[in-house]
Amino acid sequence: MQIFVINLKRSSDRFAKIETQLKALELPFTRIEAIDGKLVDANDSCVDQYRFRLSQQRECRDGEIGCAESHRKTWKEALKSNKPYSLILEDDAVLPKNLNQVLQSIEKLELDIINLASIGSYKVRHENLESLKKDGLLERPFLKKIRKWKQIEAGRWKVFNLFPVEALTILECSIMPHCMVGYIVTPRACRALLNTTQKIDYPIDYAFRHVNGTIRQGFGSPVLITHDLDGHSLIGDRNKKIKLSSIEHFLRTCLRNRCSARKLSLLRMYGIKKII
């Protein structure tokens, strides 16, 4: 599996930490020089800043623009490598000692995107997963035992299949948690993500929920790759909301009520019985 590390040229301290971890695990990798959002011309960016302002009710930060452009750059490099799977890491990732073994096992799955750094809003608890596996419930039921299965879901955040892998479980899901510290992609996922993010009005880590096509997504539980809590965010505060005018609120509603291509893809992949 090809490994890519996204790192800003000026963040040499971050690169030193992730490089030390990967060398200790004897995992070769390729450094991708991150794009500085401050240097990106608004006309050339994949982020539509006006629509972003409406959609997110805040201004898009330079760090978010750089993050979006950097991940798109990495997807393009992953396509060039011609490997069936690529692990993409941000430079503040903290890696487990069993990462190599987990990666080897994950390569046997047929998922296109796997998030190893977040469980998002899913109500995943170890005892619930173990109970489902003990009962032989590895696939989302239609009626029988659906209440028990829903204990690991969260409303429209559905889980379709469970795949035990080493010391964790990979959960195939409808909406992948939005975090890009560490995730795995296939070439077809890279192509779909690049197509989806040509022009966006949301943070790049929301791209997973907008991606078109039969792209199977999943995440690992418990979380395998974590953030380095000693480091500071290069993106900045994402919680500072702005006041919108009445017209802007109307336009925001239109944007947020768009029919997601992902929803139609889920219907094609799993059928109505699996997603209700």
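Provided above is the structure to which this section pertains.
Residues numbered from 1 in each chain as written. Predicted model: local features only at pLDDT ≥ 70, side-chain atom pairs only at ≥ 80, totals over all residues. Heavy atoms only, no water.

1. Here's the deal with the overall build of the protein
Check the secondary structure of the protein and you find 10 helices and 10 strands. Over its C-alpha trace the protein gives a radius of gyration of 19 Å, about what one expects of a compact globule, namely 19 Å for 276 residues. If you line up the protein on its principal axes, its C-alpha atoms span 55 × 50 × 35 Å. Scored against the burial criterion, the 276 residues of the protein give a buried share of 51%. (Helix = DSSP H or I, 4+ residues; strand = E, 2+ residues; numbered from the N terminus. Rg over C-alpha atoms; globule rule 2.2 N^0.38 Å. Buried < 20%, exposed > 50% of the residue type's maximum accessible area, 1.4 Å probe, protein only.)

2. Some points on the packing of aromatic side chains
Scanning the model with the defined rule gives five aromatic pairs in all. Aromatic rings pair up to connect Tyr122, Trp157 and Phe219 into one cluster. Positioned above the aromatic ring of phenylalanine 15 is the side chain of arginine 31, whose terminal nitrogen or guanidinium carbon lies 5.8 Å from the ring centre. (Phe/Tyr/Trp six-rings, centres within 6.5 Å; stacked < 30°, edge-to-face > 60°. Lys NZ or Arg CZ within 6 Å of the ring centre and 35° of its normal.)

3. Considerations on the pattern of salt bridges
Inspection of every chain in the model, using the stated rule, returns 19 salt bridges. Among the ionic pairs, arginine 125 bridges to glutamate 127, the shortest N-O distance being 2.6 Å. Classification of glutamate 127 as partly exposed rests on a relative accessible area of 41%. Shared partners join several salt bridges into a network, and the residues in it are Arg14, Asp91 and Asp92. (Salt bridge = Lys/Arg side-chain N within 4 Å of Asp/Glu carboxyl O.)

4. Considerations on the pairing of strand β1 (residues 2-7)
Buried residues dominate β1, accounting for six of its six residues. Burial along β1 is two-sided: Gln2, Phe4 and Ile6 and Ile3, Val5 and Asn7, pointing in opposite directions, are all buried. As defined by bridge partners, β1 adjoins strand β3 (residues 86-90) across five bridges and the pair is classed as parallel. Each bridged residue has a counterpart across the sheet, and for isoleucine 6 the counterpart in β3 is glutamate 90. Bridging between β1 and strand β2 (residues 30-33) involves four bridges; their strand directions are parallel. Its bridge partner lying in β2, asparagine 7 is registered against glutamate 33. (Pairing = 2+ DSSP bridges.)

5. Some details on the state of the cysteines
According to the stated counting rule, one finds zero disulfides in the structure shown. The closest cysteine sulfur to the non-disulfide-bonded cysteine 46 is located on cysteine 60, 8.7 Å from its own sulfur. A relative accessible area of 4% places cysteine 46 in the buried class. (Disulfide = S-S within 2.5 Å.)

6. Brief notes about the sheet that holds β3
What the eight strands build is an open sheet, ordered β2-β1-β3-β8-β5-β9-β7-β6; its pairing is mixed. Each end of this open sheet is capped by a strand with a single partner; those strands are β2 and β6 (159-165). Within the sheet, the average angular offset between the axes of one strand and its neighbour, ignoring direction, is 25 degrees. Against the sheet, helix α1 (residues 12-24) makes contact with β1, β2 and β3, and its axis sits at roughly 160 degrees relative to β1, the strand it touches most. This element, helix α4 (residues 99-106), spans β1, β3, β5 (113-115), β6, β7 (168-173) and β8 (182-185) of the sheet and lies at about 130 degrees to β6. (Axes fitted to C-alpha atoms, helices over the stretch in contact; angles between N-to-C directions. Contact = heavy atoms within 4.5 Å.)

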